[in-house]
Structures are given as C-alpha cells and as structure tokens.
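Overview (structure and organization)
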Amino acid sequence: MIYYKTQEEIEFIRHSSLLVGKALAEVAKELKPGVTTAHIDKIAEDYIRSQNAKPAFKGYRGFPATLCVSVNAQVVHGIPGKYEIRDGDVVSVDCGVVFNGFYGDSAYTFPVGNVGEEAMKLLRVTKACLYKGIEQAVVGNRIGDISEAVQAHAENNGYGVVRELVGHGVGKYLHESPEVPNYGKKGAGPKMLEGLVIAIEPMINMGKRNVKQERDGWTITTSDGKPSAHFEHTIAVKPGRADILSSFAPIEEVLKLQQIEI
Ligand code: MG
Ligand code: MG
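Residue numbers run consecutively from 1 along every chain, following the written order of its sequence. Here chains are named by letter from A upward and ligands by number from 1 upward, in the order in which they appear as written. Per-residue local features are limited, in this predicted model, to residues with pLDDT of at least 70; the limit for side-chain atom pairs, both in listing and counting, is 80 or more; totals at the level of whole chains, interfaces and linings are taken over all residues. As a rule here, side-chain values come from all non-hydrogen atoms in the structure, and water together with hydrogens is ignored.

**A word on the coordination of the magnesium ion (ligand 2)**
Heads up, the condition is: Any N, O or S atom lying within 2.8 Å of the metal counts as a donor, and for Na, K and Ca the limit rises to 3.2 Å; water is left out, so some sites can look incomplete. A run of DSSP states H or I qualifies as a helix once it reaches four residues; a run of E qualifies as a strand once it reaches two. Both are numbered from the N-terminal end.
At the metal site, the magnesium ion (ligand 2) is ligated by Asp-105 (OD), His-168 (NE2), Glu-201 (OE) and Glu-232 (OE), and these contacts range over 2.1 to 2.2 Å. Between the magnesium ion (ligand 2) and the magnesium ion (ligand 1), both coordinated by Asp-105, there is a metal-metal distance of 3.1 Å. Note that His-168 is positioned in strand 7 (residues 167-169) and Glu-201 in the loop between strand 9 (197-200) and strand 10 (203-205), a separation of 33 residues in sequence.

Here's what the structure looks like:
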C-alpha cells in the first residue's frame, strides 16, 4: 500500500532530508587519503545527533553504522570500518536521518584526489541519471517513466544499470511502497499522485550491470570489479515539477572549495 503524505508531513521529511545533505557535507570536508571509513561514519553520526535527530540506518535490520560507505567496485551497503581511503578512490556515501518520526534518504559519490576522467564521467552521468529520473516524477506520470529515463541515459553512455536494488517510497518508514527501479518501461507501474514521496537512487556501473553480495552480508559489489556510482534524492511528486526535499547544495559548496565539480 502506498502512503500519501500531507504537506505538513512532507515538511518533516524535508527537514530530515536536508539534515542528510548537511551530514554528507561534513563527510565531504573529511574525505581525504588516509582517513578511515569508520572516521567519516563518526563525523556523520556526531553531526546528526548534534541536530537532535537520529541516524536512520544504524540498527536497521542489524546494519551497524550511520553511513553506507561503498568504495570503487562496491555499489552500495558498504560497512564503514578500518579501510583507509586512497588517492583515486570513488566513494559512495549513503545516509538516512529520522527526525520527529519522518525519514530522509540521500546519497552522493565523491572522487578523492586524482580520479581519472573515466571515473569522473561515471559520476557525472550517474548524477545526470538521477535528475533525468526526477524530471519524470510528476503527478500523472508512472513510476516506469522514471525508470526508463534513468536506464536510457545510463545505457546510452555504455554503462550497466543495477537491477537488484531499487529506489523506494520514504517517509514514515525508511523503505515504503512503491519500488522505484532504475530500469523499466515508460507507462508501466503505479501512477504517481500528489503526496507521493520517493527516493530515486540510480546505481550505475562502469562495466556490466551484474553485482554480487560480499560475505559480510551487506556489501554489494560489481561482478566485474569495475567502479560503480550512486546518487540519491528524496523527492515529493508534484504537478509539473517534483519538489526535491534533500539537497546537494551543502555538499557541493564544500566540493567547490576543493575544486571538484561533478
Ligand atoms: Mg539511501
Ligand atoms: Mg534509499
């Protein structure tokens, strides 16, 4: 069942979603070679708690951390730990926040140090896939319109679209109906109505679409070992144009100082 939100509820979701962006901006300041993924997890958790909110992922189905940190061939759900970030890594950071009973969910993929042009293109195309999907998230369209837009842009660039993990409704729970796949057909799936809030989150592989799960029971990695990228916004479906509830602006202010543009 899809739970449609009132405008008041959407504002609570916006609050949580904006906290995610600010937590990811704190992460952006710290991400450099030699830093452990556990360290950036602590930075995000401390920031979220300082705002009287809670990390949404910690304890979710037993996940042990505030962030999912997925490096290079890791697609999503990487567990922060002792790994030290290296020059040239691409680091996907996914974060959820719950405040006042409402969830926000957003993710960004960061290049660290000297990342090759090939990987930078993967990041740019994946971010563009997200916005192509968001353009379709308007009242009267169907979920498949989002899916096809994301898939087409990725595949037109020769990339693989992960099938096993999808976007989702979000709000009272971290994961609600409907599923929002990153592949599919225009005109298929549920029709979108005012009050629908969803997380759109393309996971795009430089190589083939296939993924595998690591033995830790969480981390998803590309089967061919090539890099993957992940960008996510929480959005409210509106007539004409979606309302993007999360924001990359705080993150990209930090990146601009580092002369990084995606
Ligand atoms: Mg997420
Ligand atoms: Mg999500």
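Read on, since the account is not over.
**A look at the sheet that holds strand 6 (residues 160-161)**
As a reminder, the rule being used: Only when DSSP finds a minimum of two bridges between them are two strands counted as paired. Whether two residues touch is decided by their heavy atoms; if any such pair falls within 4.5 Å, the residues are in contact. Lines fitted to the C-alpha atoms define the axes, with helices restricted to the stretch that makes contact. Angles between their N-to-C directions range from 0 to 180 degrees.
Strand order in the open sheet formed by three strands is 6-10-13, and the pairing between neighbours is antiparallel. Only two strands of the sheet have a single partner each, and these edge strands are strand 6 and strand 13 (228-230). Looking at chain direction, strand 6 and strand 10 are connected through two bridges and run antiparallel. Residue Gly-160 lies in a different strand from strand 10, and its bridge partner there is Asn-205. Along the sheet, helix 3 (residues 117-135) contacts strand 10 and strand 13; its crossing angle with strand 13, the most-contacted strand, is approximately 35°.

**Focus on the pattern of salt bridges**
As a reminder of what qualifies: Here, a salt bridge means any Lys or Arg side-chain nitrogen found within 4 Å of an Asp or Glu carboxyl oxygen.
For the structure shown, the criterion picks out 10 salt bridges. Glu-194 is the salt-bridge partner of Lys-238, the closest N and O atoms lying 3.0 Å from each other. Taken together, the positions of Lys-238 in the loop between strand 14 (233-236) and strand 15 (243-244) and Glu-194 in the loop between strand 8 (176-180) and strand 9 put the pair 44 residues apart, joining distant regions of the chain. A cluster of three or more residues bridged by salt bridges with shared partners is formed by Glu-11, Arg-14 and Asp-243.

**So, helix 4 (residues 143-156)**
As a reminder, the rule being used: Given a helix with a known number of residues, its expected span is that number minus one, times 1.5 Å. Burial classification: accessible surface area is computed with a 1.4 Å probe over protein chains only, and a residue below 20% of its type maximum counts as buried, one above 50% as exposed, and the rest as partly exposed.
Along its 14 residues, helix 4 runs 20 Å from first to last C-alpha, staying within 8% of the 20 Å computed at 1.5 Å per residue. Counting buried residues in helix 4 gives 10 out of 14 residues, a clear majority hidden from the surface. Along helix 4, the positions that sit buried rather than exposed are Ile-143, Gly-144, Asp-145, Ile-146, Ser-147, Ala-149, Val-150, Gln-151, His-153 and Ala-154. Looking at the packing, one finds that the buried side of helix 4 touches helix 3, strand 6, strand 8, strand 9 and strand 10. In the stretch just after helix 4, Gly-158 is the one whose phi turns positive, near 85°.

**Points about the pairing of strand 8**
Bridge count between strand 7 and strand 8: three bridges; the pairing is antiparallel. Note that in strand 8 the partner of Gly-167 across the bridge is Val-180. Between strand 7 and strand 8, which pair antiparallel and follow one another directly, the connecting turn spans six residues, one of which, Gly-171, has a positive phi of 160°.

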